[in-house]
Amino acid sequence: MRKIVKKSKVGDGVWEYELEAPLIAEASDPGQFVILRLHEKGERIPLTIADTSLEEGTITIVVQSAGKSTIELNQEYFEGEAIHDLAGPLGNPSEIEDYGTVALIGGGVGIALIYPIARALREAGNHVISIIGAQSADKLFFQDRIAEVSDEVIVTTDDGSAGREGFTSDALRDLLESENVEKSWAIGPVMMMKVCQEVAEEFDTELIVSLNTIMVDGTGMCGGCRVNINGETRFACVDGPEFPGSAVDFDLLAQRTEIYEEEEECALDEFLEGESK
Amino acid sequence: MTVREKAVPMPQQDPSERVGNFDEVPLGYEREAALQEAERCLKCDPAPCIEGCPVGIDIPKFIDRIKREDFQASINTIKESNNLPAVCGRVCPQEEQCQEVCTLGENFEPVSIGRLERYAADWEREHGTVDNTVEDSRAGKIAIVGSGPAGLTAASDLRKLGYEVTVFEQFHQPGGVLVYGIPEFRLPNEVVEREVENLKAMGVEIETNTVVGRLFTVDDLLDGNRVEKHDAVFLGTGAGLPYFLDLPGENLNGIYSANEFLTRVNLMRAFKFPEYDTPVKIGGRVATVGGGNVAMDSARTALRLGADSSMVIYRRSEAQMPARDEEIQHAKEEGIDFRLLRNPTRFKGDDGRVEKVECVEMELGEPDESGRPRPVPKGGSEFDLPVDNVIIAIGNSPHPLVPRTTDGLETSDRGTIKASSRGRTSREGIWAGGDIVTGAATVIRAMGAGKTAASDIHKWLSNGETWK
Ligand SMILES: Cc1cc2nc3c(=O)[nH]c(=O)nc-3n(C[C@H](O)[C@H](O)[C@H](O)COP(=O)(O)OP(=O)(O)OC[C@H]3O[C@@H](n4cnc5c(N)ncnc54)[C@H](O)[C@@H]3O)c2cc1C
Ligand SMILES: Cc1cc2nc3c(=O)[nH]c(=O)nc-3n(C[C@H](O)[C@H](O)[C@H](O)COP(=O)(O)OP(=O)(O)OC[C@H]3O[C@@H](n4cnc5c(N)ncnc54)[C@H](O)[C@@H]3O)c2cc1C
Ligand code: FES
């Protein structure tokens, strides 16, 4: 059992949690994730470690309501309560070095996920430019925190309700036109990462993406998270989750996240029905 | 008195009924049946069956105690050498171990040792008394990594010797393959949970959700760095990584590794979706590739989840199938369709979902390294099999995380940890056993390795002899 030490809403449908996990806090590095199971009938869901506090012995996760499990967590679990299982840190950490100028692109919940990487890159001496985007202003969050760890921040919204109108990939293109960026990270929806990679390719610059596949164990034992990297099958949970965007078969990634569409809908309906009773 | 030629049959669920549920297939002997079967034992001395048992259970003795209706004495006899009889009575390949060398088997059917073992174990679960009190009688803390049969056995033996024992398991539930792999209808998870409860009652600590190599390392355990210091470590991390065929189309939707499929169903209880949150998507025509227990378990599980048809594609013939005879028989009774001497060559599907398996016919050639005839493809014999789901069950490889994060721990080319017959690895203070040392093998061998290592750990800690 893991206690929820703190819970707060950071945006529309997005909540931040501090969970008691002193050993994970000590052991984790930016880019790694945990697997969480809410209760005895719950599924194992992967969530990125967005921050850690050694003093408090906690890790921070930021959760966007996407389907049954994330909505259940966001709606029904409160400060002081406990979640059943938490395992981690999993996956390989981001490669942090002094590259020079780096760009970090976060879309949707990806905004939270670039935060620890941006901070580590900044501490390593990089000039950090962050591009954060959401559908609309009410879905944006973490702006202050991203600003704290970046030298420049560019905000985009699909509808122009905050920052510049358009996609993060458009902002990336403009940035690459004017600046010499050594390396970039893009974390967000598959489509966003795919398009960012296309932009990076135009400018012949390296882009890292973090692959949010479906996972079960998160330790290499099932292959449910398999992805195609340079034509070879790899497991996102142990070989990733970060890979060079140029090596990723994004269409396969998108295809495989659709496997359980019907079941996800069914689970959510059942849950919401139970809620309304 | 004449001996019955045939073994007393095991009552089992009717095939047409059992394909619709996840309940156990063999129902277990009733008292009368057990007594009758126990009658058949010839009490040979020396007893070949004891030789045939990887952990050397005194089989004639435990059977004799059943005959005398002293069931407590029977189970106590078994437990002197086997910590998990309720498990082994259900899943051990007795037909190639104790029962294969049974004297009676020379002319008649051998004594059903496995069924009797299960009877004694189930009797204990219902009527027996288990004394779980253990004193902290000895100084020494031992860490066990992995909670499969190897780890659980080592934990139990060391605890009984009076050591403080902690088991670290990466999953949220202990038991290893016994809970995530082997299906309910062969080994109910509840049987394993009960064993785990006994261990806890003995004072063994079980830390789940603990991925050793990520959360802390084996060296941290020995050095007392960030976690409590331990005097010895036993590694029982198993062979849990699925092999894929490496064929075109293998990442299409609808294709599972057996590990993912079985984990979803057994550990995550997807057969009760949506009551449980984890889904599994299986139905229509299901093809399982492979010929071992894992393949049989997968094909039979698919049927129970409502598949219209479930077939097994295997590249050799039935005689070479590594699955237990009982499993193959049960699979046949349930209507599993065996496509032997066939091998997949690619998977096809237009909308991102698998629709066909292209196979090639095989014939048996000269024996290969394994001593079995090598399957050779017949040129030009390719054909398509229409399918809706495919399960790849062609084997598992050792888990690399612990070797990779433990300096100086030697491994073989296959990735298994090198260990002596006593379980000692290349690193002082670290033992290993079970599938992580042998590659995918059996429950009883893993248990045996756990026992051997436990007694050697005790010897080493009490004698202070040098590591070799
Ligand atoms: C390594 C990794 C790190 C992640 N980190 C975070 C994080 O920090 N915060 C966060 O909110 N989410 C994160 N995700 C995504 C998160 O795991 C999923 O949103 C969650 O599992 C969905 O479960 P659900 O039951 O709520 O929704 P479901 O009903 O299972 O799915 C609802 C919708 O979400 C999509 N979906 C399902 N699983 C995933 C997935 N693994 N990734 C992306 N989309 C998915 C489905 O296609 C569907 O459209 C991460 C995923 C991975 C693999
Ligand atoms: C589907 C299936 C059916 C089978 N049927 C039979 C049968 O009928 N009869 C038979 O005798 N055998 C059978 N086997 C084989 C048998 O189950 C194995 O040989 C046996 O379980 C091996 O035991 P083990 O303790 O070595 O490892 P496992 O049972 O694999 O347990 C290893 C444990 O270690 C954990 N672990 C791994 N790495 C770490 C880490 N870094 N940190 C913490 N924990 C870790 C794993 O999560 C796992 O729980 C079957 C196997 C499968 C998969
Ligand atoms: S999640 Fe199972 S192998 Fe990656």
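As a reminder, the structure under discussion sits directly above these lines.
Residues numbered from 1 in each chain as written. Chains lettered and ligands numbered in written order. Predicted model: local features only at pLDDT ≥ 70, side-chain atom pairs only at ≥ 80, totals over all residues. Heavy atoms only, no water.

Here we look at unusual backbone geometry
Of note, the bond from G88 of chain A into P89 of chain A is cis; its omega dihedral lies within 30 degrees of zero at -5°. Counting through the fold element by element, P89 of chain A comes out in strand β8 (residues 85-90). The amide bond that connects F273 of chain B to the next residue, P274 of chain B, takes the cis arrangement and shows omega of 5°. Among the structural elements, P274 of chain B can be located in the loop between α12 (258-267) and β7 (285-289). Of note in this structure, E69 of chain B is not a glycine but carries a positive phi near 60°. Turning to its location among the elements, E69 of chain B is positioned in the loop between α4 (59-67) and α5 (71-81). Taking relative accessible area as the criterion, E69 of chain B reaches 40% and is therefore assigned partly exposed. Of note, R269 of chain B is a non-glycine position whose phi angle comes to about 60°, a positive value. On the secondary structure map, R269 of chain B appears in the loop between α12 and β7. (Helix = DSSP H or I, 4+ residues; strand = E, 2+ residues; numbered from the N terminus. Buried < 20%, exposed > 50% of the residue type's maximum accessible area, 1.4 Å probe, protein only.)

Remarks on the pattern of salt bridges
Opposite charge on two side chains lets them pair, provided their charged atoms get close. Residue and element names in this part refer to chain B. For the structure shown, the criterion picks out 56 salt bridges over all chains. Residue R324 is joined to E95 by a salt bridge in which the shortest nitrogen-to-oxygen separation is 3.2 Å. Separated by 229 residues along the polypeptide, R324 in the loop between β8 (309-314) and α14 (325-333) and E95 in the loop between α6 (85-91) and α7 (113-127) bring together distant segments of the chain. The class of E95 is partly exposed, set by a relative accessible area of 23%. Between R304 and E334 there is a salt bridge whose closest N-O contact spans 2.9 Å. Here E334 lies in the loop between α14 and β9 (337-340) and R304 lies in helix α13 (residues 293-304), a separation of 30 residues in the sequence. Neither residue differs from the other here; R304 and E334 are each classed as buried. Residues joined in a network through salt bridges with shared partners are R18, R186, D297, R300, R304, E327, E333 and E334. (Salt bridge = Lys/Arg side-chain N within 4 Å of Asp/Glu carboxyl O.)

Looking at the environment of P46 of chain B
Residue and element names in this part refer to chain B. Secondary-structure assignment places P46 in the loop between α2 (31-39) and α3 (48-52). Using a relative accessible area of 70% as the deciding quantity, one classes P46 as exposed. Considering only alpha carbons, one finds P46 and P60, 14 residues apart in sequence, at a separation of 9.9 Å.

Let's talk about the interface of chain B and chain A
The parts lose accessible area when they come together, and the size of an interface is often stated as this lost area. Listed by partner, the interface residues are 38 residues for chain B and 46 residues for chain A. Buried area between chain B and chain A, both sides added, is near 3,700 Å², and the carbon and sulfur share of it is 53%. When residues of chain B are sorted by the area they lose upon contact with chain A, R214, N251 and D277 of chain B head the list and together hold 21% of the total. Applying the counting criterion to the chain B and chain A interface returns 5 salt bridges. For K281 of chain B, the salt bridge is made with E262 of chain A, and the minimal N-O distance between the two is 3.5 Å. Our count for the chain B to chain A interface comes out at 23 residue pairs in polar contact (both at pLDDT 80 or more). (Contact = heavy atoms within 4.5 Å. Buried area = accessible area lost by both parts, 1.4 Å probe. Polar contact = N/O pair within 3.5 Å; in protein donor to acceptor, adjacent residues only side chain to side chain.)

What to know about the site of ligand 1
All names here are of chain A. Taken together, 22 residues surround ligand 1, and among them P46, V62, Q64, S69 and T70 come closest. Separating an oxygen atom of ligand 1 from a backbone N or O atom of Q64 is a distance of 2.8 Å. In the complex, the protein chains occlude 83% of the 840 Å² of accessible area that ligand 1 would expose alone. Mapped onto the shell around ligand 1, the elements with two or more residues apiece are β4 (45-48), β6 (58-64) and α2 (68-76). With 4 residues, the top contributor of residues to the shell around ligand 1 is β4. Here the residues of the shell around ligand 1 sort into 11 nonpolar, 8 polar and 3 charged. (Near = heavy atom within 4 Å. Areas by Shrake-Rupley, 256 points an atom, 1.4 Å probe, with all protein chains shown as cover. Nonpolar A, V, L, I, M, F, W, Y, C, P; charged D, E, K, R; others polar.)

As for the sheet that holds strand β1 (residues 2-11) of chain A
Residue and element names in this part refer to chain A. Strand order in this open sheet of 5 strands is β5-β6-β2-β1-β7, and the pairing throughout is antiparallel. The open sheet has two edge strands, β5 (51-53) and β7 (82-83), and neither has a second partner. Relative to the sheet, α2 contacts β1, β2 (14-20), β6 and β7, its axis offset from that of β6 by approximately 115°. (Pairing = 2+ DSSP bridges. Axes fitted to C-alpha atoms, helices over the stretch in contact; angles between N-to-C directions.)

As for the packing of aromatic side chains
Residue and element names in this part refer to chain B. Counted by the stated rule, this structure contains 14 aromatic pairs over all chains. Between F22 and F185 the ring centres are 6.4 Å apart and the planes differ by 50°, which places this aromatic pair in the tilted class. Taken as a pair, F22 in the loop between α1 (15-18) and α2 and F185 in the loop between α9 (177-180) and α10 (189-201) lie far apart in primary sequence, 163 residues in all. Taken as a pair, F22 and F185 share a single burial class, namely buried. When the centroid spacing of 5.4 Å and the interplanar angle of 70° are considered together, the rings of W431 and W460 count as edge-to-face. Pair noted here: W431 is in strand β16 (residues 430-432) and W460 is in helix α17 (residues 443-463), with a separation of 29 residues, a long-range link. We classify W431 as buried; its relative accessible area is 0%. (Phe/Tyr/Trp six-rings, centres within 6.5 Å; stacked < 30°, edge-to-face > 60°.)

Focus on the site of ligand 2
All names here are of chain B. Surveying the vicinity of ligand 2 reveals 35 residues, the closest of which are V91, E169, R186, V212 and D435. Here a nitrogen atom of ligand 2 and a backbone polar atom of Q170 are 3.1 Å apart. Among the elements of the structure, α8 (149-160), α13 and α17 are those that each provide at least two residues to the shell around ligand 2. Per-element tally for the shell around ligand 2: the top contributor is α13, with 3 residues. The class makeup of the residues in the shell around ligand 2 is 17 nonpolar, 14 polar and 4 charged.

Comments concerning the pairing of strand β1 (residues 141-145) of chain B
All names here are of chain B. Here β1 lies mainly inside the structure; 5 of its 5 residues are buried. Residues K141, A143 and V145 point to one face of β1 and I142 and I144 to the other, with burial holding for every one of them. When β1 meets strand β2 (residues 164-168), the two strands line up parallel, connected through 5 bridges. When the bridges of β2 are listed, K141 appears paired with E164. Sheet analysis places β1 next to strand β4 (residues 232-235), joined by 4 bridges and oriented parallel. Paired with I144 across the strands is F234, a residue of β4.

Re the nonpolar core
Residue and element names in this part refer to chain B. Counting 77 residues, the largest nonpolar core has I59, F62, I63, I66, V87 and I144 as its most contacted members. For this core, the element with the most residues is α17, which contributes 8 residues. Excluding its chain neighbours within four sequence positions, the residues that come into contact with I144 are G151, A154, A155, L158, V165, T166, V167, F168 and F234. (Core = buried A, V, L, I, M, F, W, Y, C linked by side-chain atoms within 4.5 Å.)

A look at α14 of chain B
In an α-helix, one turn spans 3.6 residues; hence positions three or four apart end up facing the same way. All names here are of chain B. Within α14, burial applies to E327, I328, H330 and A331. The arc that holds every buried residue of α14, seen down its axis, measures 165°, which confines them to one face. Looking at the buried positions of α14, the neighbouring elements they touch are α1, α13 and β9. (Arc of directions from axis to C-beta.)

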